[in-house]
Amino acid sequence: MKQLLDQIKEWRRHLHTIPEIGFQEYKTSAYLYEQLEKMGYQPQKITETGIAVYLDFHKEKTIAFRSDIDALEITEQTGVEFKSTYQGKMHACGHDGHMAALLGLAYKLKDVKDLPNLVKKSLMEHHQLFVPVFLKNTMLKEFMDFICFLMLMLGKLLVVKDH
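A short tour of the structure in this document, coming up. Note that this is a predicted model, so its numbers are computed, not measured. (Residues numbered from 1 in each chain as written. Predicted model: local features only at pLDDT ≥ 70, side-chain atom pairs only at ≥ 80, totals over all residues. Heavy atoms only, no water.)

Examining the packing of helix α2 (residues 26–38) against helix α3 (residues 95–109)
- Direction vectors running N to C along α2 and α3 enclose 20 degrees, while the axes themselves pass 11 Å from each other. In this view, α2 runs roughly parallel relative to α3, as classed from their interaxial angle. The interaxial crossing formed by α2 with α3 has right-handed handedness. Between α2 and α3, the contacting residues are T28, L32, Q35 and L36 on the first element and M99, L103 and A106 on the second.
- Taken together, the residues of the contact of α2 with α3 break down into 5 nonpolar, 2 polar and no charged. (Axes fitted to C-alpha atoms, helices over the stretch in contact; angles between N-to-C directions. Helix = DSSP H or I, 4+ residues; strand = E, 2+ residues; numbered from the N terminus. Parallel < 35°, antiparallel > 145°, perpendicular 65-115°, else oblique. Left-handed = near helix turned anticlockwise from the far one by under 90°. Contact = heavy atoms within 4.5 Å. Nonpolar A, V, L, I, M, F, W, Y, C, P; charged D, E, K, R; others polar.)

Let's talk about the pattern of salt bridges
- The full count for this structure, using the stated rule, is 4 salt bridges.
- Taking the shortest distance from any N to any O, the salt bridge between D6 and K2 comes out at 3.1 Å. A residue pair is termed a helical-turn pair when its members lie 3 or 4 positions apart in one helix, as D6 and K2 do in helix α1 (residues 2–17) at 4 residues.
- Judged by relative accessible area, which is 40%, D6 ranks as partly exposed. (Salt bridge = Lys/Arg side-chain N within 4 Å of Asp/Glu carboxyl O. Buried < 20%, exposed > 50% of the residue type's maximum accessible area, 1.4 Å probe, protein only.)

Re the nonpolar core
- With 20 residues, the main nonpolar core has W11, L32, L36, M39 and Y41 as its most contacted residues.
- Those elements that place two or more of their residues in this core are α1, α2, β2 (50–54) and α3.
- By residue number, the principal contributor to this core is α3, which donates 5 residues. (Core = buried A, V, L, I, M, F, W, Y, C linked by side-chain atoms within 4.5 Å.)

What follows is the structure, encoded as structure tokens:
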């Protein structure tokens, strides 16, 4: 699990360096496409920069996991080593974390052959949102895991923190 969390952190930091404004996320989209291909998926382009990955588990219901991929027109002043390489653009909104978390989910699902009536679709597209939770406090984490599970089942918003 630590190895996957480290990979998610690496994905997030890379994505943080290449923020692009909505409907102009060409490098972001190419990076996501490449990472999904490395996992063995056959991503499909939807719109100019959107990507869809469909996993068919032959279930009656479908759940879509989605992530925003756009950044904001904000000049980054964080001083982090993985800061934006684009002047005046930044992932101040957390979408870099959303994308990285969704890549982590895709990684976990890549070898799954069957799911108990839960998931069969994963999407990355414009202005959609899926965000998982990473917290250090164990009790809070257990509570948030429960809340996240419930929200996942309802298709609601989940929250990310990069530590």
